[in-house]
Structures are given as C-alpha cells and as structure tokens.
Amino acid sequence: MSILCTRCRIRTAVTDDGLCTFCSGTRPPPPGGATAPVPGAAILSGSVPGPVPGGWGAGTWPRSPVGLSRAVVALLGCVIASDLFVIGAGLHLRGLWEGLAADESLDIYSGAGLRAQELYDLAGTVQTAAFLATGVLFIIWFHRTRRNAEVFESGVQRMGPGWAVGGWFVPVANLWFPYRVASGIWEASVTLHPDGGWRAVPKTVLNLWWGGWIVSVLLSRIAVSQWNRAREPEQISDAAALVAAADALDLVAAVLAVLFVRAVTRMQVERAGIRQAATAAERAAPESAAS
C-alpha cells in the first residue's frame, strides 16, 4: 500500500523521511517538456462549474480564485473611496483647527465645527467597515490561492496553507509571515517554460504592495497615537495632517493590492490552462495511436 507524503498529503512518499519528489526536491525533469497535469483546470478558470474536493488544507484540485478576486477588487475599490472620503473630511476639520490656532476667538465647537467633526466621525466609521469587510474576503481569497499553489508546486512553499489565515493575526510576525506565504504563492503560480524549467517573474507588484501596506500600517499607528495625545489646536492640526498622510498611504496600498490580486489570479488561471492542455494532449495521444 502506498503512503502519502507527510507534508503535502497529495503525492506518494518516495523518501525515507516520508516526502514526495516535489516536497523533497528530487523531482525529475518532465519528459518531453510536458508538465504534470492537474485535473480541474477548467474549473479553476471559471469556465466549467463543478464540485471540487474541499477541506482546510491543500486539495488535489485547484479551485477557482476568479470570483473571489472580483469581489476583493470591488471591496478594495470601496476602501479607496472611503480613504478619499476620510481624507477630505479630515483636511476640512484640520482647516478649522488651523483657524482656531491663528485666532483663538473662533468657535469651532458648534455650528460648522460640530458638523465637520460629525462628518469626520462618519467617514472614519465607513472607512473601518470597508477595511474589515475587505480584510475578511481578502484572506479567504489569499487562502484559496495558497491551496492552489500547493497543487501547482508544493516544493516552493515556505509556510503551510494555514498560515495564509493565521499569519495575519500573530503580533509582530504578521509584518513578515503573510509576505512569505504570498511569495510562495507567486512562485508556484508562475507559468513554466515549455521545457518544464522555472520562469522567473519579478515580484515587483508583490514587493510594492507589501511595502506600501507595512508603511501604511506603521504610519497609521504613529498618527493615531499623536492624534490621541494632541490637546492644543496647533497639535491637533499637525496630528490631523499626519492622519491624512497615513490615509493617503492606505489608499496607495489598496491600489497596489488590486494589482497584486489581479496578477496572482491571472497567473493561476494561465498555469491551470496550460496544464489542462497538456492533459488533453496526453489523453489524445493513446487514442490516435489506437486508431
């Protein structure tokens, strides 16, 4: 009886320590330049509906990230809109505090000032709601693509599929773990050369997105801390400017996230399509020989 690999739980173990050829790094080059077929590539591209194996870990078939990616991109658009909303409201409120710093006789605690504060609070609530909804759906998409990456190339994965979810919630480590997962997804999703060799695709989009996200998070924490400590009108005005800058960086990170989601989804669909074509060719060859 064959034993499954203790790491990927997909392929047959061939080494003494219970690993398959992919996970142990001993995979031989594909004969004739063909790549190993993956069933369900048509399902991955979204062209053919149908059930696929489920489960929290890696499956034997890739699952389509297309629908999820479209929803994530739409929600990221909501994040961008909410960032613009909160930036505009924040700068308007900052202008009032600047006026108070220059002329202490101004009353910004009622009338226009009160309405500006209420608008800023509403913008912050909308921004938070958009961020939370997008974060949940993004992590679902992220885990889906990580599972697909396990099917494509499990040997290049640095962290298990569970870290595509858990890595975001580990203090300090969440500044690095999700990037390691994303890097493995990127490398596994790249389409191979016709001879089966690796094709290097620069991780520019990935690096820019992650860098923008980290800088945005760190600056946001600094800005919120300064806002909470501000007491004088001039201090509040400066803190509001820093908060607006952090929101602007969050907007940039959201745009880069859209590019990252679209790039990974496109690569996974393309790779699945090539494998589907290889599978069809392999199946057609015996039929042609028999006829």
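Keep in mind that what you see is a predicted model, and the values were worked out from it rather than measured.

## A closer look at the overall build of the protein
Counting its secondary structure elements, the protein contains eight helices and zero strands. Ordering the α and β elements of the protein from the N terminus gives α-α-α-α-α-α-α-α. Here the protein holds 291 residues, and the buried ones make up 42% of them. In the protein, 67% of the contacts between residues at least 6 apart in sequence involve partners at least 24 apart. For the protein, the accessible surface area stands at approximately 14,800 Å², while carbon and sulfur atoms represent 64% of it.

## Regarding the packing of helix H4 (residues 112–152) against helix H6 (residues 177–189)
At a minimum axis separation of 9 Å, H4 and H6 run at an interaxial angle of 50°. In this view, H4 runs oblique relative to H6, as classed from their interaxial angle. For the crossing formed where H4 meets H6, the hand is left-handed. Along its contact with H4, which presents Phe 142, Thr 145, Arg 146, Ala 149 and Phe 152, the element H6 presents Pro 178, Val 181, Ala 182, Gly 184, Ile 185, Ala 188 and Ser 189. Considering only residue class, the contact of H4 with H6 consists of eight nonpolar, three polar and one charged.

## Some points on the confidence of the model for the protein
Per-chain confidence: the protein averages 81 in pLDDT, with 71% of residues scoring 70 or above. The low-confidence segment residues 28–58 (pLDDT under 50) makes 69 contacts with residues lying over four places distant or belonging to another chain. Residue range residues 277–282 is modelled with pLDDT below 50. Its contacts to residues more than four positions away, or to other chains, number six contacts.

## Examining the nonpolar core
Ranked by internal contacts, the top residues of the largest apolar core, which has 40 residues, are Phe 138, Trp 141, Phe 142, Trp 168, Trp 186, Trp 209 and Phe 260. Elements that contribute at least two residues to this core include exactly helix H3 (66–102), H4, helix H5 (163–166), H6, helix H7 (204–229) and helix H8 (233–290). Considering every element that reaches this core, the biggest residue donor is H8, with 10 residues. Leaving out residues up to four positions away in the same chain, Trp 209 has contacts with Phe 138, Trp 168, Ala 182, Ala 253, Leu 256, Ala 257 and Phe 260. One finds Ile 87, Leu 100, Ala 239 and Ala 246 within the second-largest nonpolar core, a separate group that totals 17 residues.

## Notes on the environment of Ala 102
Relative to the helices and strands, Ala 102 resides in helix H3. For Ala 102, a relative accessible area of 71% puts it in the exposed group. Separated by 132 residues in sequence, Ala 102 and Glu 234 place their C-alpha atoms 8.7 Å apart.

## Notes on the pattern of salt bridges
Tallied over the full model, the rule gives five salt bridges. Residue Glu 150 pairs with Arg 146 through a salt bridge whose shortest N-O separation is 2.6 Å. Residue Glu 150 and its partner Arg 146 are located together in helix H4, separated by four residues, close to a single helical turn. Both residues of the pair, Glu 150 and Arg 146, count as buried.

## With respect to the environment of Trp 210
Tracing the backbone shows Trp 210 in helix H7. A residue is classified by how much of its surface remains accessible, and Trp 210, at 6% relative accessible area, is buried. For Trp 210 and Tyr 179, which are 31 residues apart along the polypeptide, the C-alpha to C-alpha distance reads 6.9 Å.

## Considering the packing of H6 against H7
Packing of H6 against H7 brings their axes to within 11 Å, and their N-to-C directions diverge by 165°. For the element pair H6 / H7, the angle class is roughly antiparallel. The two elements H6 and H7 cross, and the hand of that crossing is right-handed. For the pair formed by H6 and H7, the contact residues are Pro 178, Tyr 179, Ala 182, Ser 183 and Trp 186 on the first element and Val 205, Leu 206, Asn 207, Trp 209 and Trp 210 on the second. When the residues that make up the contact of H6 with H7 are grouped by side-chain class, the tally is eight nonpolar, two polar and no charged.

## Side note on the packing of aromatic side chains
Applying the stated rule across the entire model yields 16 aromatic pairs. A centroid spacing of 6.5 Å and a plane angle of 35° characterise the contact between Trp 141 and Phe 142, whose relative ring orientation is tilted. The burial state of Trp 141 is the same as that of Phe 142; both residues are buried. When the centroid spacing of 5.7 Å and the interplanar angle of 70° are considered together, the rings of Phe 142 and Trp 168 count as edge-to-face. Of the two residues, Phe 142 is situated in helix H4 and Trp 168 in the loop between H5 and H6; the sequence distance between them amounts to 26 residues. Each of the two residues, Phe 142 as well as Trp 168, counts as buried. Within the aromatic cluster, the residues linked to one another by ring pairs are Phe 138, Trp 141, Phe 142, Trp 168, Trp 176, Tyr 179, Trp 186, Trp 209, Trp 210 and Phe 260.

## Section: H7
Over its 26 residues, H7 extends 38 Å from the first C-alpha to the last, a length consistent with the 38 Å expected when each residue adds 1.5 Å. Looking at H7, one finds that the buried residues are Leu 206, Trp 209, Trp 210, Gly 212, Trp 213, Ile 214, Ser 216, Val 217, Leu 219 and Ala 223.

## A few points about a nonpolar patch on the surface
Side chains of Leu 119, Leu 122 and Val 126 sit close together on the surface and give an oily, nonpolar patch of about 220 Å² of accessible area. One can find Leu 122 in helix H4.

What counts, and where the lines are drawn
Residues numbered from 1 in each chain as written. Predicted model: local features only at pLDDT ≥ 70, side-chain atom pairs only at ≥ 80, totals over all residues. Heavy atoms only, no water. Helix = DSSP H or I, 4+ residues; strand = E, 2+ residues; numbered from the N terminus. Buried < 20%, exposed > 50% of the residue type's maximum accessible area, 1.4 Å probe, protein only. Contact = heavy atoms within 4.5 Å. Areas by Shrake-Rupley, 256 points an atom, 1.4 Å probe, with all protein chains shown as cover. Axes fitted to C-alpha atoms, helices over the stretch in contact; angles between N-to-C directions. Parallel < 35°, antiparallel > 145°, perpendicular 65-115°, else oblique. Left-handed = near helix turned anticlockwise from the far one by under 90°. Nonpolar A, V, L, I, M, F, W, Y, C, P; charged D, E, K, R; others polar. pLDDT = per-residue confidence, 0-100. Core = buried A, V, L, I, M, F, W, Y, C linked by side-chain atoms within 4.5 Å. Salt bridge = Lys/Arg side-chain N within 4 Å of Asp/Glu carboxyl O. Phe/Tyr/Trp six-rings, centres within 6.5 Å; stacked < 30°, edge-to-face > 60°. Expected span 1.5 Å × (residues − 1). Patch = residues over 30% accessible without salt bridge, like charges linked within 9 Å, V, L, I, M, F, W, Y side chains within 5 Å.

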